Amino acid sequence: MCSSDLLGGTHHETQTTRLQTLDHQFVQPLLVDVQLGLIETLDLALVDVGTHHGVAEVRHHRTGGEAHVPGAHDGESAHAVILRVPDLGERDTVTCPCMSVLVTGGAGYIGSHTARLLHEQGRELVVLDSLEYGNAAAVDGLPLVVGDIGDEQLVHDTCRRYGVDQVVHFAAYKFVGESMEQPGKYWHNNVEKTVQLLRGLERASVEHIVFSSSCSVYGTPERVPVDEACAVRPESVYAETKAMVERILEWQSRLTAMRSVSLRYFNASGAHPKGDIGEVWDRAQNLIPLVMKAAMGRRGELEVFGNDYPTPDGTGVRDYIHVCDLAEAHAAALDRKSTRLNSSH
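Since the structure is predicted, the reported quantities are computational estimates derived from the model, not experimental observations.

Draft legend 1. The arrangement of a nonpolar patch on the surface in detail. Together, L287, I288, V291, M292, M296 and Y320 give the surface a local cluster of nonpolar side chains, amounting to about 480 Å² of exposed area. Here I288 lies in helix α6 (residues 287-295).

See the structure below:
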């Protein structure tokens, strides 16, 4: 968003209008708020500029005329505007954040892989993570705000500072067994704090969110392979929190400008090909880390439950998805820009 701050001189009556153009590189909207009375006319143009954490500052020419967004990092491209401004004095400024993605839980397993991919794609981003389970090193030098998604003011301020216009929401507790033993912990963190997150986003005029949901919302599916048409019947508190957030997002899409995509998936696995980020084994309860630790002698024998499944040996069969493929799915969902109220995949 663009805002004007008059640091000296006469205060003008403030009116706001919204103009929209299209980013030629990322095909994402750039919304510009024009403070009428401070800026006489606004000309939009495509220019290549550098950005500093998604925020670029414009200083007016003392005698008016054109002022453009200067580069901060050589070689980085972003979408920007050229402003035609009146003579307001050399201290008057206009701040123009460029488009950026907020990745909540971006220091976690799937979040860190997604954040890295977004960066490799040339997108501006910022990670918000409490580091309760996340690892700051996994963010690999990308902008990191250490804090809670339930801190509405922090969410708002982060979005404004970094020019956020889209969100990928990973931050949540995910242990199914624990959710059944401590349900209140999961209602509070996964649902209540997501509502606070959405309030902060709404205040910052962020209208696009990709939600990392789960196939656990289907419970025991009515058919396999499961698809989006199957009934949502959660069988754990964890799964119910995911289903609840999906429903909250649907209502937000009905009643506000918020648009969302929810991705349902099971059994993320693997690590980045570079080998420097992956699943943290000391807390992992997923099957593959348990199998590997048993094979390496770092834990006792692995118990396999069930012997009457319709499989050749009667044991269960699971489908897995590589974490890098999941990252690509979340990145693709950012570009979907669906006009539908809400969608789940």
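Draft legend 2. Fine view of the pairing of strand β10 (residues 125-129). The buried count for β10 comes to five of five residues, which makes it a mostly enclosed element. Here β10 shows no split at all, with L125, V127 and D129 on one side and V126 and L128 on the other all buried. Bridge count for strand β9 (residues 100-104) against β10 is four bridges, and the pairing is parallel. Looking across to β10, one finds that L102 is bridged to V126. Traced from β9 through helix α1 (residues 109-120) to β10, the parallel crossover comes out right-handed.

Draft legend 3. α6, seen in detail. Those residues of α6 not exposed but buried are P289, L290 and K293. Summarising the axial view, the buried residues of α6 lie within an arc of 100 degrees, below the 170-degree limit, and thus occupy one face. Following α6 by one or two positions, G297 has its phi on the positive side, about 75 degrees.

Cut-offs used in this document
Residues numbered from 1 in each chain as written. Predicted model: local features only at pLDDT ≥ 70, side-chain atom pairs only at ≥ 80, totals over all residues. Heavy atoms only, no water. Patch = residues over 30% accessible without salt bridge, like charges linked within 9 Å, V, L, I, M, F, W, Y side chains within 5 Å. Areas by Shrake-Rupley, 256 points an atom, 1.4 Å probe, with all protein chains shown as cover. Salt bridge = Lys/Arg side-chain N within 4 Å of Asp/Glu carboxyl O. Helix = DSSP H or I, 4+ residues; strand = E, 2+ residues; numbered from the N terminus. Buried < 20%, exposed > 50% of the residue type's maximum accessible area, 1.4 Å probe, protein only. Pairing = 2+ DSSP bridges. Right-handed = clockwise from strand over helix to strand, strands pointing away. Arc of directions from axis to C-beta.

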